[in-house]
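Spelled out from the first residue to the last, the chains are:
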Amino acid sequence: VETAGVFGRVFCDFGPSFQVHDADGEIPLVTPLDQLVRRQDDLVDVHCVEGERHDVSKEDTIQFQLRNGDFVETHCVVTDVQNPFRFVVKVESSDKEIGKFVESTNEKAASFRRVKVLQEVPFYPIEEAFAAAKNEGSLFSACDLEKSFDSARQSASMSCFQALSAFTQREQRLPTLVDRDSFMELAREGWSSEGGERICESFLHGCAAKFTPLHAVFGAIGAQEALKAATGLYFPVRQILLYDCDEVLDMPNGEGLPECRALF
C-alpha cells in the first residue's frame, strides 16, 4: 500500500495459485423449482415456481434438492439467464442420462441453489505485474467509475509512482517543485497520452505530503486485503488498485496547484 499526496495505489500478490473459498460471503438462496424442460443436446431450461425469483448468474454452478432434503449429485452450470424466473443450464452427462436426469428431477426435486465452487486465482510477482500492466488492463481493479477506466490516467499514475521510487532511491529525499524536470524525465516513458503531463504535475505538487483522509481509505483497503489472504473469503484485488482525488487540487480562485499546499 502506497500513498503520495492525493494519489494512492494497492498491489496484491497472493501467489501463483491462490484459492478463493467464498467469493461473495452470501448464503445461497434456496429457490422453489417448478420444472425442467430439456432443449437440445445437454441444455436444460430451469423454471422457478411462479412468483419466485432466482439469484443465479451466468457461469454459476447450481444443485437441485429433493423433497426429502437430499441433494442431487449432478451439478449444472448456468449458460444463460433469460429472466428472473428462468435460466438455462448445461448438464454434464451423456445424452441418455440427461433425459433421465430431467425426468427424475421433475418428479422428486423441490428446489435448487447456487453451489460455491473453489476458485483458483493466479497472481504475478510485483516485477512481472508492473511490466504486464502496461498492456493488460485486466490487472487493474476498478474503484472509480470515471477514472478507473481511463487507461491514460492509469499509465500516468503508475509512471509517477515508479518515478517517485527511482527519484528517492537516487536522491535520498522526496521530490519538490524545483525537481520538476528531472522527475518528469523519470516519469515520461510511461505516458500514453497528452494528459500524462497534467497528471504528473498534480502528482509532483503533492507527493511529498501525507493526506490523512487518503491514508484512512488505503489503510482500510490494505487491512481488508490482508483478511482476504488469510481467510480465502471474498475476491481479492487483482492485482493493482489505483485511486486519486486530484480534483481537490483545482482551486476555485483559478490560481491552480500552488495553493493546494494549504490542504496538507
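Bear in mind that the values here come from a model prediction, so they are computed numbers and not experimental data.

A description of the sheet that holds strand β7 (residues 76-83) should follow, citing residues and the corresponding values.
As summarised here, the arrangement of the six strands in space is β4-β5-β8-β7-β6-β9, forming a closed barrel in which the pairing is antiparallel. Taking the axes of each pair of neighbouring strands and ignoring which way they run, one obtains an average angle of 50° across the sheet. The sheet contact formed by β7 and strand β8 (residues 86-91) spans six bridges and is antiparallel. Each residue of the ladder has a partner; that of V77, found in β8, is K90.

Which residues make up the environment of Q19, and what values go with them?
Mapped onto the secondary structure, Q19 falls in strand β3 (residues 18-20). We classify Q19 as partly exposed; its relative accessible area is 34%. For Q19, the contacting residues outside a window of four places in its chain are L118, Q119, E120 and G232.

Can you tell me about the confidence of the model for the protein, naming the residues and giving the values?
On average, residues of the protein score 88 in pLDDT, and 92% of them are at 70 or above. Here helix α1 (residues 95-108) stands out as the least confident element of the protein, with mean pLDDT 88; strand β2 (residues 7-11) is the most confident, with 96.

I'd like a rundown of the packing of aromatic side chains, residues and numbers included.
With the rule as written, the count across this model stands at ten aromatic pairs. Taking 6.3 Å as the distance between ring centres and 80° as the angle between the ring planes, the aromatic pair formed by F18 and F123 counts as edge-to-face. Placement of the pair is F18 in strand β3 and F123 in the loop between β10 (119-121) and α2 (126-132), with a sequence separation of 105 residues. Residue classification places F123 among the buried positions, given a relative accessible area of 6%. Among the aromatic residues, those joined into a ring-pair cluster are F7, F161, F183 and F203.

Rules behind the numbers
- Residues numbered from 1 in each chain as written.
- Predicted model: local features only at pLDDT ≥ 70, side-chain atom pairs only at ≥ 80, totals over all residues.
- Heavy atoms only, no water.
- Pairing = 2+ DSSP bridges.
- Helix = DSSP H or I, 4+ residues; strand = E, 2+ residues; numbered from the N terminus.
- Axes fitted to C-alpha atoms, helices over the stretch in contact; angles between N-to-C directions.
- Buried < 20%, exposed > 50% of the residue type's maximum accessible area, 1.4 Å probe, protein only.
- Contact = heavy atoms within 4.5 Å.
- pLDDT = per-residue confidence, 0-100.
- Phe/Tyr/Trp six-rings, centres within 6.5 Å; stacked < 30°, edge-to-face > 60°.

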